[in-house]
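Below are the chains, spelled out letter by letter.
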Amino acid sequence: GEGFMKWQKCFDCGQSFHGAVFHALGWACWKTYAGRPETNEYRAKAMGVLGETLLKSRPEEALPVLEASLALKRRYWSHDERSILGAQENVSSCLVMLQRYDEA
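These notes cover the structure that comes with them. (Residues numbered from 1 in each chain as written. Predicted model: local features only at pLDDT ≥ 70, side-chain atom pairs only at ≥ 80, totals over all residues. Heavy atoms only, no water.)

1. Quick notes on the packing of aromatic side chains
- In total, this model carries four aromatic pairs according to the counting rule given.
- When the ring of Y33 is compared with that of Y42, the centres are 6.0 Å apart and the planes differ by 25°; the resulting orientation is stacked. (Phe/Tyr/Trp six-rings, centres within 6.5 Å; stacked < 30°, edge-to-face > 60°.)

What follows is the structure, given as C-alpha cells:
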C-alpha cells in the first residue's frame with residue numbers, strides 16, 4: 001500500500017501534491033488520526049504531516065504544530081534519533097522562514 005505517502009504524493013502518477021490540495025490533505029490526515037491516543041504512532045505521523053503541509057504556506061501556524069510533534073517524539077520515541085532529528089530540522093526550517101534566526 002501507499003501508507004502515509006498518500007497524503008503527500010499522487011499514487012497514480014507519483015507527483016507531489018502542492019498548494020491548496022497539499023494543505024487540505026494535511027488537515028485530512030490529521031483529522032483521520034487525531035482521535036487516537038497520544039502514544040499512537042499513526043497519530044504522531046499525522047501531526048508531522050500536518051506540520052509539514054502548514055510549513056509550505058503558513059509557517060506561523062506550522063510552528064506550534066512542529067514543536068508539539070518534536071515534543072511528542074522526544075517523550076514517547078526518544079530512542080528514534082532519526083525521527084527526532086527530522087522533527088528538529090522541521091522546527092529549525094520554520095524558524096528560519098519566520099526570520100527568527102537566533103532560535104533556529
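More follows now that the structure is in view.
2. Here we look at helix 1 (residues 19–33)
- A rise of 1.5 Å per residue sets the reference length of helix 1, with its 15 residues, at 21 Å; its end C-alpha atoms lie 22 Å apart and thus fit the reference within 8%.
- Taken as a whole, helix 1 has its buried residues at F22, H23, G26, C29, W30 and Y33. Buried residues of helix 1 fall within an arc of 120° about the axis and therefore sit on the same side. Exposed side of helix 1, more than 90 degrees from the buried face: A20 and K31 are the residues found there.
- In this structure, the buried side of helix 1 is in contact with helix 2 (41–57). (Helix = DSSP H or I, 4+ residues; strand = E, 2+ residues; numbered from the N terminus. Expected span 1.5 Å × (residues − 1). Buried < 20%, exposed > 50% of the residue type's maximum accessible area, 1.4 Å probe, protein only. Arc of directions from axis to C-beta. Contact = heavy atoms within 4.5 Å.)

3. A few points about the nonpolar core
- Core analysis: the largest hydrophobic core is formed by 24 residues, its most contacted members being F4 and C29.
- Listing elements by their share of this core, those giving two or more residues are helix 1, helix 2, helix 3 (59–76) and helix 4 (81–97).
- For this core, the leading source of residues is helix 2, giving seven residues.
- Residue contacts for F4: discarding those within four places in its chain leaves C29, Y33, Y42, K45, A46 and V49. (Core = buried A, V, L, I, M, F, W, Y, C linked by side-chain atoms within 4.5 Å.)

4. Side note on the side chain of T53
- Along the chain, T53 turns up in helix 2.
- By relative accessible area, which is 1% here, T53 ends up buried.
- A distance of 2.8 Å separates the side chain of T53 from the backbone oxygen of L50, its partner in a polar contact.
- Setting aside chain neighbours within four positions, we find T53 in contact with F22, H23 and G26. (Polar contact = N/O pair within 3.5 Å; in protein donor to acceptor, adjacent residues only side chain to side chain.)

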